[in-house]
Amino acid sequence: MKLIVSNISDVPIYEQIKQQVKSAILSGELQEDEALPSLRTLAKELKISVLTITRAYNELEEEGFVKNIQGRGCFVMGRGSELIREQMICKIENNLAEAISTARIADLQPAELHRLLDILWEENNND
């Protein structure tokens, strides 16, 4: 996972880190029980304060995305985590809302959209 922070962004650096880690977890780039980079390592790589990384990791833990194990580091929570599941459902809802809007523009009927979803579901399960 490669994190990129911008000093000229209006978004605070800890929030940029938090959003990128959260995105990597939801996309599957970071797997369950995978260790996040250590506070010092990441601070050194990004040339920012350890306190900034600590704030991002603490907020990720509060939101249920990671667990901090004293003396071992920060690890990705399992997909069974209710908060992660809820975030994924929210992402699905947003994507489906966009698909519905596009389908309406294309004058696609609900049954056709359902059929398309079924086809795509089957294709993805066969990979």
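This one's a predicted model, so the numbers in the text were calculated from it and none came from an experiment.

> Quick question: what am I supposed to make of the packing of helix α1 (residues 13–27) against helix α4 (residues 82–105) here?
A pair of packed helices can be characterised by two numbers: the angle between their axes and the separation between those axes. At a minimum axis separation of 11 Å, α1 and α4 run at an interaxial angle of 85°. Taken as axis vectors, α1 and α4 run roughly perpendicular relative to one another. Contacts between α1 and α4 pair K22, I25 and L26 from the former with I84, Q87 and M88 from the latter. Among the residues making up the contact of α1 with α4, the classes are represented as four nonpolar, one polar and one charged.

> Teacher, can you tell me more about the pattern of salt bridges here?
Think of it this way: side chains of opposite charge can pair up when their charged atoms draw near. Counting across every chain of the model gives six salt bridges. Here E59 and K18 are joined by a salt bridge, their closest N and O atoms 2.8 Å apart. Of this pair, E59 sits in helix α3 (residues 50–62) while K18 sits in helix α1; the two residues are 41 residues apart in sequence, bridging distant segments of the chain. Like E59, the residue K18 is buried in the burial classification. Residue E63 pairs with K22 through a salt bridge whose shortest N-O separation is 2.7 Å. On the criterion of sequence distance, the pair formed by E63 in the loop between α3 and β1 (66–69) and K22 in helix α1 is long-range, its members being 41 residues apart. Judged by its relative accessible area of 24%, E63 falls in the partly exposed class.

Conventions used here
Residues numbered from 1 in each chain as written. Predicted model: local features only at pLDDT ≥ 70, side-chain atom pairs only at ≥ 80, totals over all residues. Heavy atoms only, no water. Axes fitted to C-alpha atoms, helices over the stretch in contact; angles between N-to-C directions. Helix = DSSP H or I, 4+ residues; strand = E, 2+ residues; numbered from the N terminus. Parallel < 35°, antiparallel > 145°, perpendicular 65-115°, else oblique. Contact = heavy atoms within 4.5 Å. Nonpolar A, V, L, I, M, F, W, Y, C, P; charged D, E, K, R; others polar. Salt bridge = Lys/Arg side-chain N within 4 Å of Asp/Glu carboxyl O. Buried < 20%, exposed > 50% of the residue type's maximum accessible area, 1.4 Å probe, protein only.

Coordinates in, geometry out; function isn't part of it.
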